[in-house]
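Structure assessment
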Number of protein chains: 2
Amino acid sequence: MKKPATIRDVAREAGVSVAVVSRVLNEGTGPVAPDTRAKVVEVIERLAYHPRAAARELQQRTRSTIGLLLADLANPFFARLADRVVWEARARGVHVVLLTTQEDQHLEAESIDTLIERSVASVIATPAGDNLEKWKRLTDLGVNVVFVDREIDELEGIDVVTIRNDASAETAANHLIGLGHTRIGFISGPATTSTGRDRVAGFRRAMEAAGLAVDDELIHHIPFRGDAGGDAIGVLLSEPQPPSAIIVGNTAQVRSALRRIKQSEIRVPEDLSLVVFDDNPWTELVSPPLTVIRQPIDMLAVHSVELAVGRAKGLLPEQRRRVEVDAEFVRRSSSAAAAQRTPTP
Amino acid sequence: MKKPATIRDVAREAGVSVAVVSRVLNEGTGPVAPDTRAKVVEVIERLAYHPRAAARELQQRTRSTIGLLLADLANPFFARLADRVVWEARARGVHVVLLTTQEDQHLEAESIDTLIERSVASVIATPAGDNLEKWKRLTDLGVNVVFVDREIDELEGIDVVTIRNDASAETAANHLIGLGHTRIGFISGPATTSTGRDRVAGFRRAMEAAGLAVDDELIHHIPFRGDAGGDAIGVLLSEPQPPSAIIVGNTAQVRSALRRIKQSEIRVPEDLSLVVFDDNPWTELVSPPLTVIRQPIDMLAVHSVELAVGRAKGLLPEQRRRVEVDAEFVRRSSSAAAAQRTPTP
DNA sequence: GGCATCAGTGGTAACGGTTACACTTTTGTA
DNA sequence: TACAAAAGTGTAACCGTTACCACTGATGCC
């Protein structure tokens, strides 16, 4: 456990000054004679010298790291997003500090503080609650913030990357309407999140455009964590006039919703058509394979990293960006024509 | 975008020296009069002062951060592991830098360099290839390394946390043997990984103990990434004497294996019994619900963080630890008694 | 009353890099 | 040949924090 070599050790060993070593380290910051460079490189190699990130960050007041603040890694949607973000970031020579909020406002606030202390150049986040001042403080400090998947309307100066939530929900609804369904249930995320609201808005728009009434009883806003999906299904199915189709617009609740349906007598799609928001590989493995709105996670990752890194390097125009990507509608077997059944007495 | 306040700003504003502010910041490093403390705290609050992590790290030669080096976040097993690790780490006031290797040796080597530069106190990792000297260099530098899920035998001075892979495979095999299966296929991870080898070893042991021949043709070592699971299934099923049961001991390949089976005419469990290594929530949602070896991810996370943080604080005895946790066998409907069918002509 | 102890505070040298600037030496050009 | 420009190198200040040490009074104890 010998203490690691410093830049001065290298300089002494190579018979040059620290400035020269530093210039070798940071290509392009000044001229170095080829011979000298070779010599220095050799010594660096021999001493297994690694410049310490902390010292570098202290001097330059920013660092080549982006913070990734996600709601919940146990949710495959976020897990895959994280995977892609880490990947894309690395392709650009940038590292990622990962923090999770577990959808908790306090943890989110704490995490933002951490990111401030870490003086990251940019932050990619899925905001959970409102923590308005915290986010504002972060941006005031010059940290570039990119919201992905969700957003907070009240905040300015923040880039946003999302899927077209309203349009996606509209597509899903139109699909079911086209199949003859008139009573359609919708399970969404919390009304405090933009995704939770936007999807419902798109759903409403489709229904209204088709001249169908929207029964508020059939719209459920439930949290992303926990197992509220099953309960929501239970409530919907025990309505006096239960829906003949349900859209689960809350990615995290698909599993628990599905489990509840399996436990019941309800057959899919004969008794109930189902469309879910998800990008899980297993949606095609269950019976019947699910009709899904597939979120283009890769695109979300690419764009958010692009923005985060671009801003950090000052390559982008001042004007904040809003990137919306289309989700893909994948029809499988969980949605079918509405039964022509006579109304139950 | 005003530049953030420093400890000197706080000191000046509060009318004290920087030493006092530092002592307020780091409880227990020296006496501070109650009045003075209150005053300083007030100023810190007012200036929204956050000590810069970089400066702190430079001074103390370590930091309160652990590196988490995982193979593949898109794999739900690792994703959940990451989630738990981040969670457990935070509970101990420690942050996590996440890196992924995508099962690639070169990326792993790069990542280890990064961790050195970042001067993390500890690293929790799922080693991919051998990168022996890299790992050695890391430990030589005094970084505490904890391998989780997998291990590298040749390396000393590294803590290990795994499930009892051999025993789990043995359990799975015994379950199938007990159901009357005699030709059992096994799909494992790469032979270069300890999990890949250990599971096969346990399988062999069970077979031999039951006096059953182990046909090497029925044992497949395949990578964790990609879709080799489907191909392996294909090969197994087109054997002259196909197995009546298959254990998929490669978590990452369960999905692709399952998809292949769905595409075929084979019925589960009538024609083929299936036991898979996995801890995915969806294994109970497919038809039939899968018999699984459930890996106790929480335990893996708790123990590895415990070790990583404990070592960093010097709380643990020098002696390296090896923690093995039991996996849980969960019987569902994908495994059934072997058919008493007459051999096909 | 003298002296050791200690709470409370301030000054300042590290920590390990980067970088502005000064200083040689080489090269290019009139 | 002379002189300007450019290439190559070294010195030292700085980034923001902690830790060590020195200093001042107040308190305790014989």
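Above this text sits the structure in question.
About the cut-offs
Residues numbered from 1 in each chain as written. Chains lettered and ligands numbered in written order. Predicted model: local features only at pLDDT ≥ 70, side-chain atom pairs only at ≥ 80, totals over all residues. Heavy atoms only, no water. Core = buried A, V, L, I, M, F, W, Y, C linked by side-chain atoms within 4.5 Å. Buried < 20%, exposed > 50% of the residue type's maximum accessible area, 1.4 Å probe, protein only. Contact = heavy atoms within 4.5 Å. Near = heavy atom within 4 Å. Polar contact = N/O pair within 3.5 Å; in protein donor to acceptor, adjacent residues only side chain to side chain. Axes fitted to C-alpha atoms, helices over the stretch in contact; angles between N-to-C directions. Helix = DSSP H or I, 4+ residues; strand = E, 2+ residues; numbered from the N terminus. Parallel < 35°, antiparallel > 145°, perpendicular 65-115°, else oblique. Nonpolar A, V, L, I, M, F, W, Y, C, P; charged D, E, K, R; others polar. Buried area = accessible area lost by both parts, 1.4 Å probe. Salt bridge = Lys/Arg side-chain N within 4 Å of Asp/Glu carboxyl O. Least-squares fit on C-alpha atoms with pLDDT ≥ 70 in both. Pairing = 2+ DSSP bridges.

1. What about the nonpolar core?
Judged by nonpolar contacts, the single largest core of 60 residues is most densely connected at L81(A), I124(A), L81(B) and I124(B). Setting aside its immediate chain neighbours within four residues, I124(B) contacts I66(B), G67(B), L68(B), L69(B), V85(B), V146(B), V148(B), S304(B), V305(B) and A308(B). Core analysis: the second largest hydrophobic core is formed by 45 residues, A228(A), I233(A), I261(A) and V268(A) among them.

2. Description of the protein's contact with DNA strand D
Near DNA strand D lie 26 residues; those nearest to it are S17(A), T36(A), I7(B), R8(B) and Y49(B). A share of 59% of the atoms of DNA strand D within 4 Å of the protein falls on sugar and phosphate groups. Measuring from a base nitrogen of DNA strand D, one finds a side-chain N or O atom of R8(B) at 3.3 Å. Between R52(B) and DNA strand D, the recorded distance is 3.1 Å, taken from a backbone N or O atom to a phosphate oxygen.

3. Observations regarding the packing of helix α2 (residues 18-25) of chain A against helix α3 (residues 34-47) of chain A
All names here are of chain A. α3 packs onto α2 with a crossing angle of 85° between their chain directions and a minimal axis gap of 10 Å. When the axis of α2 is compared with that of α3, the two are roughly perpendicular. In contact with V20, V21, R23, V24 and L25 of α2, α3 contributes T36, R37, V40, V41 and I44. Its residues assigned to classes, the contact of α2 with α3 shows seven nonpolar, one polar and two charged.

4. Focus on the interface of chain A and chain B
Facing the 56 residues of chain A at the interface are 56 residues of chain B. Where chain A abuts chain B, roughly 5,400 Å² becomes buried across the two surfaces, and 55% of that area is made up of carbon and sulfur atoms. In this structure, the connection of chain A to chain B is made through six salt bridges. In this structure, E57(B) and R118(A) form a salt bridge, with 3.3 Å as the shortest nitrogen-oxygen distance. At the junction of chain A and chain B, the tally comes to 21 residue pairs in polar contact (both at pLDDT 80 or more). Of all the elements in the fold, those that place two or more residues in the side of chain A that touches chain B are α4 (53-59), α5 (76-91), β2 (95-100), α6 (105-117), α7 (132-140) and α11 (254-263) of chain A. Here the element with the most residues in the side of chain A that touches chain B is α6(A); it accounts for seven residues. Its residues assigned to classes, the side of chain A that touches chain B shows 26 nonpolar, 11 polar and 19 charged.

5. Some thoughts on the relation of the copies chain A and chain B
For the pair chain A and chain B, the superposition axis carries a translation of 0.0 Å, the fit reaches an RMSD of 0.1 Å, and the rotation angle comes to 180°. In short, the pair behaves as if placed about a two-fold rotation axis. An overlap of 100% is found between the interface residues of chain A and their copies at the interface of chain B, pointing to a shared contact surface.

6. Some details on the pairing of strand β5 (residues 159-163) of chain B
Residues and elements named next belong to chain B. The element β5 is extensively covered by neighbouring structure, given that five of its five residues are classed as buried. Residue alternation in β5 divides its side chains into two sets, D159, V161 and I163 and V160 and T162, and both sets are buried. With four bridges joining them, β5 and strand β11 (residues 322-325) adopt parallel strand pairing. Note that in β11 the partner of V161 across the bridge is V323.

7. Quick word on the sheet that holds strand β8 (residues 245-248) of chain A
Residue and element names in this part refer to chain A. Read across the open sheet, the six strands follow the order β7-β6-β8-β9-β10-β12; overall the sheet is mixed. With partners counted over all chains shown, the strands left at the sheet margins are β7 (219-221) and β12 (328-330), one partner each. Within the sheet, the average angular offset between the axes of one strand and its neighbour, ignoring direction, is 15°. Here three bridges tie strand β10 (residues 291-294) to β12, and the two strands are oriented antiparallel to one another. Its bridge partner being in β12, R294 is matched across the sheet by E328. Sheet contacts for helix α10 (residues 228-237): β6 (184-188), β7 and β8; angle to β6, the most-contacted strand, approximately 160°. Strands in contact with α11 are β8 and β9 (273-277); relative to β9, the strand with the most contacts, it is inclined by about 160°.

8. Overview of the sheet that holds strand β6 (residues 184-188) of chain B
All names here are of chain B. Read across the sheet, six strands follow the order β7-β6-β8-β9-β10-β12 without closing on themselves; strand pairing throughout is mixed. At either end of the open sheet lies a strand with only one pairing partner, and these are β7 (219-221) and β12 (328-330). In this sheet, neighbouring strand axes are inclined to one another by 15° on average, regardless of whether the strands run parallel or antiparallel. Pairing of strand β9 (residues 273-277) with strand β10 (residues 291-294), which is carried by three bridges, proceeds in the parallel orientation. Paired with V276 across the bridge in β10 is V292.

9. Brief notes about the protein's contact with DNA strand C
Around DNA strand C there are 28 residues in total, and I7(A), Q59(A), S17(B), A33(B) and T36(B) lie nearest to it. Counting only the atoms of DNA strand C within 4 Å of the protein, the fraction contributed by sugar and phosphate is 57%. One nitrogen or oxygen atom from the main chain of I7(A) is found 2.6 Å from a phosphate oxygen belonging to DNA strand C. At 3.2 Å, a side-chain N or O of N26(A) approaches a phosphate oxygen of DNA strand C. Every element with two or more residues in the surface near DNA strand C is listed here: α1 (7-14), α2 and α4 of chain A together with α2 (18-25) and α4 (53-59) of chain B. When grouped by side-chain class, the residues that make up the surface near DNA strand C number 14 nonpolar, nine polar and five charged.

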